[in-house]
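Chain by chain, the residues:
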Amino acid sequence: MPEADSPSQRLLRLTGWVAFVVLGTSGAWFITYALLPWELGYTYDPATGEGHGPWVPWQFLVCGILILAVAVTTSRSRYWTTVLLLPPALTLSWSVIVSREDMTGLWMIGLIYMMFASTVGTLFVLAVTRSFRELRLQRRSSLQSLQSQEPPTA
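Report follows, based on the coordinates. (Residues numbered from 1 in each chain as written. Predicted model: local features only at pLDDT ≥ 70, side-chain atom pairs only at ≥ 80, totals over all residues. Heavy atoms only, no water.)

**Quick look at the side chain of Arg 130**
Now for step 1: Within the secondary structure layout, Arg 130 lies in helix α4 (residues 107–149).
Now for step 2: No salt bridge forms around the buried Arg 130; measuring N to O, its nearest opposite-charge neighbour Glu 134 is 4.8 Å away.
Now for step 3: A polar contact is formed between the side chain of Arg 130 and the backbone oxygen of Ser 75, at a distance of 2.9 Å.
Now for step 4: Not counting residues up to four positions away in its chain, the partners in contact with Arg 130 are Ser 75, Arg 76, Ser 77 and Trp 80. (Helix = DSSP H or I, 4+ residues; strand = E, 2+ residues; numbered from the N terminus. Buried < 20%, exposed > 50% of the residue type's maximum accessible area, 1.4 Å probe, protein only. Lys, Arg positive; Asp, Glu negative; His and termini not counted. Salt bridge = Lys/Arg side-chain N within 4 Å of Asp/Glu carboxyl O. Polar contact = N/O pair within 3.5 Å; in protein donor to acceptor, adjacent residues only side chain to side chain. Contact = heavy atoms within 4.5 Å.)

**Points about the packing of aromatic side chains**
Now for step 1: Evaluated as defined, the whole model comprises two aromatic pairs.
Now for step 2: Measuring from ring centre to ring centre gives 5.6 Å for Trp 17 and Phe 20, while their planes differ by 90 degrees; the resulting arrangement is edge-to-face. Of this pair, Trp 17 and Phe 20 are both found in helix α1 (residues 7–34), three residues apart, which corresponds to roughly one turn of the helix. (Phe/Tyr/Trp six-rings, centres within 6.5 Å; stacked < 30°, edge-to-face > 60°.)

**Some remarks on the packing of α1 against helix α3 (residues 86–101)**
Now for step 1: One way to put it is that α1 packs onto α3 with a least axis distance of 8 Å and a crossing angle of 35 degrees. As α1 packs across α3, the resulting crossing turns out to be right-handed. Residue-level inspection shows Val 21, Val 22, Thr 25, Ser 26, Trp 29, Phe 30 and Tyr 33 of α1 in contact with α3, the latter providing Leu 86, Ala 89, Leu 90, Ser 93, Trp 94, Ile 97 and Glu 101.
Now for step 2: Classifying every residue of the contact of α1 with α3 gives 10 nonpolar, three polar and one charged. (Axes fitted to C-alpha atoms, helices over the stretch in contact; angles between N-to-C directions. Left-handed = near helix turned anticlockwise from the far one by under 90°. Nonpolar A, V, L, I, M, F, W, Y, C, P; charged D, E, K, R; others polar.)

Here it is as structure tokens:
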């Protein structure tokens, strides 16, 4: 029988999972931001003089896949509650970039949307992942109980 983890080992594991969620989420955002096709440049609306960045659909897809990987991996772990750090980490990472580029102040509205959407998405992934985990554990338990009830063959 394996020994129980000491409090310092649990704290170290928890710290590792916190770092994984925060750095993985922030890294996903900053990596996809760095990969933007800057050669496309900004487009300017002549009526308002506002510039629009070189955002492309694949950027959101790549960022979403990376963040989904962080969320699912964390949700399946013993320290699954650390996945709740994903929305604030993503929102903070996003706001660092957007707040510097926005002259209108509307980035704060985007911040509210980003926090809401990332929280809803994280809770959805967490619920689905934990439900599948519970179903798998129940199935395994049922199979073990059925195997233990089988009469021995002669």
